[in-house]
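Listed below, chain by chain, are the residues.
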Amino acid sequence: MLFTDSSEDRAMERQMRQIPNYIPRGYGLYIIRPACVQTEFAEYTMLLLWMVGQIKHALFQARFHEEEKNMFYRSETHHRQFDKALSHRYERTPAMLSALYLLCADRYLWSRSQDGIKKDKIYFEEIRIRDAAPEVYCLFKAAQDLYCGSRHLTISDLSDRELVPPWLFQVICNAMAIRRCGMRAVELAIMPERTECYGQYKN
C-alpha cells in the first residue's frame, strides 16, 4: 500500500520501500547488455522490435507495443548535449554511449554528471544529484545499470506506467538499443528521412 496521491511521490516511495540490496531474479536491465549480434537493420524500428523480442517479459512487451515509438531525442536540448558529448574524446563503446545518451536527456542531470565523466570511464559515485526529480533519478540509475551492469531498475519497473512515464520509457528503450548496437543504433535513429526524432517534452 502506498500512502500518497502524488504520482512522483508514489514513485519515490515505491523505491524507498524496496528491500535493501535485494536483486530481483532475471529482470534487471543487465539482460540487454550483450552486444548486438551481427544483424543488420534497415530501420530503427526494426532494431527496437528485435531488441524487445529478446526480453521475455509480457507486461514490458505489451507496453512497448501500445505506446508511441517515434521519439529518439527528448528535445533539441537533448540532441545538442548528446552531440557535444560525442565530440569529446570519450570511448565510443556501447556502454559509454548508452550512458551518455541518458545523462544528456536532462539539462540538470547533464550539468551534474560532467565532473564524473573521464575520457574512458564514468565514475557514477562522483555524480551528485541531490533533490532531483524522480524521473531524473530514474535516468541516472538507468545509465548506471547499462554502464555498470548494476540492477537498480528492473524490466518490471519499466512496465509500470506510474513509475516510468511515456517519455522516460521511450528514452530508456532507446538507450537499451544503443547498449545493444552502439553507434549503429544512433545512426539508424537519426537517418535524414526520420523527421519524428524529437519528443514534445520539457527538458
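Thresholds applied
Residue positions within a chain follow its written sequence, with the count starting from 1. With pLDDT at 70 or above as the cut-off, local features in this predicted model cover only qualifying residues; side-chain atom pairs require 80 or more to be listed or tallied, and sums for whole chains, interfaces and linings still use all residues. Only hydrogens and water are set aside when side-chain values are computed; all heavy atoms of the structure are taken into account. A residue's pLDDT is the confidence the predictor assigns to it, expressed on a 0 to 100 scale. Note on contacts: a residue pair qualifies if any of its non-hydrogen atoms lie within 4.5 Å across the two residues. Strands are runs of DSSP state E lasting at least two residues, helices are runs of H or I lasting at least four, and both sets are numbered from the N terminus onward. Residue burial is assigned from relative accessible area. The probe radius is 1.4 Å, only protein chains are included, and a residue is buried under 20% of its type maximum, exposed over 50%, and partly exposed in between. Distance and chemistry together define a polar contact, namely a pair of N or O atoms within 3.5 Å, with one atom able to donate a hydrogen and the other to accept it when in protein, and with adjacent residues in sequence counting only for side-chain atoms on both sides. In these notes, a set of buried Ala, Val, Leu, Ile, Met, Phe, Trp, Tyr and Cys residues joined through side-chain atoms within 4.5 Å is what counts as a nonpolar core.

### Notes on the confidence of the model for the chain
Averaged over all residues, the pLDDT of the chain equals 82, while 75% of them reach at least 70. Scored below 50 in pLDDT, residues 19-27 makes ten contacts in the model with residues more than four places away or belonging to other chains.

### Concerning the environment of K118
Counting through the fold element by element, K118 comes out in the loop between helix 6 (107-113) and helix 7 (134-148). A residue is classified by how much of its surface remains accessible, and K118, at 33% relative accessible area, is partly exposed. Remark: the alpha-carbon pair of K118 and Y90, spanning 28 residues in sequence, is separated by 7.2 Å. Only 3.0 Å separates the side chain of K118 from the backbone oxygen of D115, close enough to count as a polar contact.

### Quick look at unusual backbone geometry
The phi dihedral of D131 is positive, around 60 degrees, even though this residue is not glycine. Within the secondary structure layout, D131 lies in the loop between helix 6 and helix 7. Looking at D131, the relative accessible area reads 84%, which means it is exposed.

### Describing the nonpolar core
One finds F60, Y101, L102, I122, I172 and M176 to be the most contacted residues of the largest nonpolar core, which totals 63 residues. When residues of this core are assigned to their parent elements, the largest contribution, eleven residues, is made by helix 9 (residues 166-181). Setting aside chain neighbours within four positions, we find Y101 in contact with F72, Y73, H78, F82, V171, N174, A175 and I178.

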